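Spelled out, the chains give:
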Amino acid sequence: MAKPSDFFECQKCGECCKGYGGAFVDDNEIERISRHLGIDPERFLRDYCDWSGGRPLIKAVESGCCIFWNKLCVIHEVKPRMCRIWPFIESILVDPSNWAIIKSMCPGIRDNGNMDDLAECVKGVLAEYDQKY
Ligand code: SF4
Ligand code: SF4
């Protein structure tokens, strides 16, 4: 049975922590990250988040990187769902060609060419996340 590591090994380059728009946070994540930072959720939302479509997402700083990127993710233990499941995201199940787009951005992708195995890995990663959080 295929494993996520057959398809991906993070190179810790930080490319996926650049740019704007990926890391939305829900109420549980706001609570968890705030607690981790030792601040209240209102301050977390004010100082560390922007809003898009009425939903909070983690802010990017002037360099274009996520505010929590400093050679590594400084909130790794409590990072949001998108960061935790990456690159095994739902959109691969909707359209497998999204894997090629992800691959073009992420040097950690290993392309073994078996999309059925990849789909199983995506489902497994998502199910594991739902069980844990
Ligand atoms: S772009 Fe890919 S390899 Fe680089 S840090 Fe992100 S997940 Fe890891
Ligand atoms: S929270 Fe961490 S993993 Fe997610 S984008 Fe920011 S630095 Fe990257």
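The structure we're discussing is the one just above.
Nothing here was measured: the structure is a model prediction, and the numbers come from that model.

Re the pairing of strand S1 (residues 49-52)
Line of reasoning, step 1. Two elements, S1 and strand S2 (residues 55-58), share four bridges in a ladder whose sense is antiparallel. The residue bridging Cys49 from the neighbouring strand is Ile58, located in S2.
Line of reasoning, step 2. Hairpin connection of S1 to S2: two residues between the antiparallel strands, including Gly53 at a positive phi of 60°.

What to know about the site of ligand 1
Line of reasoning, step 1. Near ligand 1 you find Cys10, Gln11, Lys12, Cys13, Gly14, Glu15, Cys16, Trp86, Cys106, Pro107 and Gly108, and these make up its full shell.
Line of reasoning, step 2. Residues that form the shell around ligand 1 fall into these classes: six nonpolar, three polar and two charged.

Digging into the packing of helix H2 (residues 27-37) against helix H3 (residues 41-48)
Line of reasoning, step 1. Direction vectors running N to C along H2 and H3 enclose 90°, while the axes themselves pass 9 Å from each other. Our classification of the angle between H2 and H3 gives roughly perpendicular. Seen from H2, the contacting residues are Ile30, Glu31, Ile33, Ser34 and Leu37; seen from H3, they are Pro41, Phe44 and Leu45.

Description of the nonpolar core
Line of reasoning, step 1. If you look at the biggest cluster of nonpolar residues, it comprises 13 residues, and the most contacted ones within it are Ala23, Val25, Cys49, Leu57, Ile58 and Cys66.
Line of reasoning, step 2. Broken down by secondary-structure element, the contributors of at least two residues to this core are H3 and S2.
Line of reasoning, step 3. With sequence-adjacent residues up to four places away left out, Val25 is seen in contact with Ile30, Ile33, Cys49, Pro56, Leu57, Ile58 and Pro80.
Line of reasoning, step 4. One finds Phe7, Phe8, Phe88 and Cys121 within the second-largest nonpolar core, a separate group that totals eight residues.

Some remarks on the site of ligand 2
Line of reasoning, step 1. The full set of residues close to ligand 2 is Cys17, Ala23, Ile58, Cys66, Phe68, Trp69, Cys73, Ile75, Lys79 and Cys83.
Line of reasoning, step 2. For the shell around ligand 2, the class distribution of residues is nine nonpolar, no polar and one charged.

Conventions and cut-offs
Residues numbered from 1 in each chain as written. Chains lettered and ligands numbered in written order. Predicted model: local features only at pLDDT ≥ 70, side-chain atom pairs only at ≥ 80, totals over all residues. Pairing = 2+ DSSP bridges. Helix = DSSP H or I, 4+ residues; strand = E, 2+ residues; numbered from the N terminus. Near = placed C-beta within 6 Å. Nonpolar A, V, L, I, M, F, W, Y, C, P; charged D, E, K, R; others polar. Axes fitted to C-alpha atoms, helices over the stretch in contact; angles between N-to-C directions. Parallel < 35°, antiparallel > 145°, perpendicular 65-115°, else oblique. Contact = placed C-beta atoms within 7 Å. Core = buried A, V, L, I, M, F, W, Y, C linked by C-beta atoms within 7 Å. Buried ≥ 20, exposed ≤ 12 C-beta atoms within 10 Å, placed from the backbone.

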